[in-house]
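The chain contents come next:
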Amino acid sequence: MIYPRVALIGLGLIASSMAHAMRANGLAGEIVGYAKSPETRAVAKDLFCDRVCETAAEAVKGADLVVLAVPVGVMGDIAAEIGPHLKPGATVTDVGSVKQAVVDAVAPHLPKGVHFIPGHPMAGTEYSGPRSGFATLYQNRWWLLTPAEDCDPEALARLRNLIEGMGAKVDLLDVAHHDLVVAVVSHVPHAIAYTMVGVADHMRRVSQSEVIKYSAAGFRDFTRIAASDPTMWRDVFLTNRDAVLDILGRFAEELFVLQRAIRMGDGEHLHAYFTRTRAIRRGIIEAGQDTAAPDFGRAPPARDV
Ligand code: NAP
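Note on numbering: residues in each chain are counted from 1, in written sequence order. Whole-chain, interface and lining totals are the exception, using all residues; otherwise, since this is a predicted model, local features are given only for residues with pLDDT of at least 70 and side-chain atom pairs are given and counted only at 80 or more. Remark: hydrogens and water are excluded; side-chain values derive from all non-hydrogen atoms of the structure.

Let us look at the overall build of the protein chain. Helix and strand counts for the protein chain stand at 12 helices and eight strands. Its C-alpha atoms give the protein chain a radius of gyration of 21 Å, near enough to 19 Å, the size a compact globule of 305 residues would have. For the protein chain, the proportion of its 305 residues judged to be buried stands at 39%. Of the contacts made within the protein chain by residues no fewer than 6 positions apart, 73% connect residues no fewer than 24 positions apart. Surface accessibility of the protein chain: about 16600 Å² in total, with carbon and sulfur atoms responsible for 57%. The charged-residue count follows a simple rule in which Lys and Arg add positive charge and Asp and Glu add negative charge, with His and chain termini not counted at all. By convention, charge coordinates are those of NZ in Lys, CZ in Arg, CG in Asp, or CD in Glu. Charge separation in the protein chain, taken as the distance between the mean sites of 31 positive and 35 negative side-chain charges, equals 5 Å. Only DSSP runs of H or I with at least four residues qualify as helices, and only runs of E with at least two residues qualify as strands; both kinds are numbered from the N terminus onward. This radius of gyration counts C-alpha atoms alone. The globule rule is 2.2 Å times how many residues there are, raised to the power 0.38. For the exposure calls, accessible area comes from a 1.4 Å probe over protein chains only, and a residue counts as buried if that area is under 20% of its type's maximum, exposed if over 50%, partly exposed in between. By the convention used here, residues are in contact when the closest approach between their heavy atoms is within 4.5 Å. In this description, accessible areas are obtained by the Shrake-Rupley approach with a 1.4 Å probe, and a residue is regarded as covered only by the protein chains that are shown.

Here is the structure:
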């Protein structure tokens, strides 16, 4: 056991997966939970919490590790509430998809003697809520930590043990660098998926049969991403604004170059560009971040007759 008592604040996909993984691997003594709605708390009590509380302040009392697993936009309010109730020597971490905004919102509320180690598991699905978690979500996935320079090494090592115990791989990153990297690998791809699905919707064909019927041609993968939780993603774009706008600007420039190549019939440009991007996919497979199986290893869809 790594932490005798863990408090999970927010009991959705990320927290419930942590609870299942901690339980499966014997990493926590008691798991205490708090979420906004009584419905979520009741489900969490049934499925993965030993105890749930009616306030965040109550939930963190006596906890050795506190995990903030709420949307990025509410982290600051929660930190203000729990600050005075944290056990001296406790570690507070978060799982927010953006780091600078969370550090700015949370750190000022934490008392001296409490170790704050911001984090971000690079794992998720398009599902949310307390029923959506599963123990293997973090298996072989990266979990990024952005500790301050003066972070206590023992507290860091202990949190690292917990994360590795859940099957994830840990990397340490600078806060600003984290936000730029995730804008490239996660936030802007989501913005593009949302936009593409929006385009199809504007064409008023989504509800008609063609787009759905032929979606396996690529559109389906955009719709999976665009089905992600609206609250979480609103907060991500509002709080990682600068990095997202930087990468979106670069994306728009590249898109114009591509558009021009298509207009000018520049097949050489298109071929060279697609050859480079194909190599990136190969790199992802070689790094063990995805399967080499065709169509992500999905079973072939039932054939229309
Ligand atoms: P989720 O499934 O939607 O769960 C969010 C939880 O936060 C719910 O239990 C919700 O409670 C609770 N909550 C919301 N507002 C609250 C408030 N004001 N006070 C107390 N609890 C509140 O979300 P998630 O996917 O687990 O995401 C949680 C965090 O992980 C976010 O910061 C997100 O950026 C980050 N993250 C997500 C992913 C992903 O792919 N999903 C990946 C990496 C990191 P109710 O159910 O009662 O509303």
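Another aspect to go through is the nonpolar core. Among buried residues, the Ala, Val, Leu, Ile, Met, Phe, Trp, Tyr and Cys ones that are joined through side-chain atoms within 4.5 Å form a nonpolar core. Counting 37 residues, the largest nonpolar core has L8, M18, M22, Y138, W143, L162 and M166 as the members making the most contacts within it. Where this core is concerned, the elements lending two or more residues are β1 (3–9), α1 (13–24), β2 (28–34), β4 (65–68), β7 (142–145) and α6 (153–165). Among the elements that line this core, the one with the most residues is α1, at seven residues. Core analysis: the next-biggest nonpolar cluster, separate from the first, contains 29 residues, V70, V72, L110 and F116 among them.

The gaps left among the atoms become clear once a water-sized probe is rolled over them. Definitions used throughout: a 1 Å grid over protein atoms alone; a cavity as a set of points that fits a 1.4 Å probe which cannot get out; a pocket as an open set with protein on both sides within 12 Å along at least five of seven lines; a lining residue as one with an atom within 4 Å of a point. Grid points are joined across faces, edges and corners, and a volume is the space filled by probe spheres set on the points. By volume, the second largest pocket amounts to about 340 Å³. Forming the boundary of the second largest pocket are 17 residues, of which V114, H115, F116, A148 and D150 lie nearest the centre. In terms of residues, the lining of the second largest pocket owes the most to one element, strand β6 (residues 115–121), which gives three residues. Residue composition of the lining of the second largest pocket, grouped by class: 12 nonpolar, two polar and three charged. Asp, Glu, Lys and Arg are counted as charged, while Ala, Val, Leu, Ile, Met, Phe, Trp, Tyr, Cys and Pro are counted as nonpolar; the rest, among them Gly, fall into the polar class.

The next subject is the pairing of β1. In terms of residue burial, β1 counts as a mostly covered element, since five of its seven residues are buried. Two strands pair when backbone bridges link them, and β1 and β2 are joined in this way by six bridges, in the parallel orientation. The partner of A7 across the bridge, within β2, is V32. In this fold, β1 hands off to α1, which returns the chain to β2; that crossover is right-handed. Judged from the four bridges that link them, β1 and β4 form a sheet pairing that is parallel. Bridging across to β4, A7 finds its partner in V66. Pairing between strands is defined by DSSP: at least two bridges between them are needed. Handedness of a crossover: with both strands directed away from the viewer, a clockwise path from the first strand across the helix to the second marks it as right-handed.

Next up on the list: the packing of aromatic side chains. Each aromatic pair joins two rings of Phe, Tyr and Trp (for Trp, the six-membered one) with centres within 6.5 Å, and gets the label stacked for planes under 30 degrees apart, edge-to-face for over 60, and tilted for any other angle. Within the structure shown, the criterion is met by three aromatic pairs. Aromatic pair Y138 and W143: ring centres 4.9 Å apart, planes at 55°, arrangement tilted. With respect to class, Y138 is no different from W143; both count as buried. With centroids separated by 5.8 Å and ring planes inclined at 45°, the aromatic side chains of W233 and F237 adopt a geometry described as tilted. On the criterion of helical spacing, the pair formed by W233 and F237 is a turn pair, its members being four residues apart in helix α10 (residues 230–239). Of the residues examined, W233 reaches a relative accessible area of 6% and is grouped as buried.

Moving on: the packing of helix α7 (residues 175–202) against α10. Contact geometry of α7 with α10 gives a least axis separation of 11 Å together with a crossing angle of 120°. What the angle tells us is that α7 and α10 run oblique. In the crossing of α7 with α10, the sense of the turn from one axis to the other is left-handed. Together, S186, H187, H190, A191 and Y194 of α7 and W233, V236 and F237 of α10 make up the contact between the two elements. Partitioning the contact of α7 with α10 into residue classes produces five nonpolar, three polar and no charged. For every element, the axis is a line fit to its C-alpha atoms; helices are fit only across the contacting stretch, and the angle between N-to-C directions ranges from 0 to 180 degrees. An angle below 35 degrees is treated as roughly parallel, one above 145 as roughly antiparallel, one from 65 to 115 as roughly perpendicular, and anything else as oblique. By definition, any crossing whose near helix is turned counterclockwise from its far helix by less than a right angle is left-handed, and any crossing with a clockwise turn is right-handed.

If you check the domain split of the protein chain, you get domain 1 (3–173) and domain 2 (177–291). Spacing between the C-alpha centres of domain 1 and domain 2 amounts to 30 Å. With 19 residues of domain 1 in contact, the opposing surface of domain 2 contributes 18 residues. Taken together, the two surfaces of domain 1 and domain 2 that pack against each other cover about 1400 Å², and 61% of this comes from carbon and sulfur. When the buried surface of domain 1 facing domain 2 is broken down by residue, S97, V98 and E126 rank first, second and third, together holding 36% of it. One side-chain nitrogen of Lys or Arg within 4 Å of one carboxyl oxygen of Asp or Glu is enough to make a salt bridge. Joining domain 1 to domain 2, the criterion identifies one salt bridge. Breaking the side of domain 1 that touches domain 2 down by element, the ones donating at least two residues are α5 (100–106) and β7. A per-class count over the side of domain 1 that touches domain 2 returns nine nonpolar, seven polar and three charged. Domain delimitation follows an automatic or database domain assignment. As a working definition, buried area equals the accessible area (1.4 Å probe) given up by two parts on being put together, with both sides summed.

Quick look at the site of the ligand now. Any residue with a heavy atom positioned within 4 Å of a molecule or strand is treated as near that molecule or strand. Around the ligand, the structure places 28 residues, and the nearest of them are S37, T40, V70, S97 and G129. One of the backbone nitrogen or oxygen atoms of I14 is found 2.9 Å away from an oxygen atom of the ligand. Throughout this description, a polar contact denotes any pair of N or O atoms lying within 3.5 Å of each other; where both atoms belong to protein, one of them has to be capable of donating a hydrogen while the other can accept it, and for residues adjacent in sequence the pair is counted only when both atoms sit in side chains. Contact distances for the ligand include 2.7 Å between an oxygen atom and a backbone N or O atom of V70. Looking at the shell around the ligand residue by residue, the class counts come to 16 nonpolar, 11 polar and one charged.

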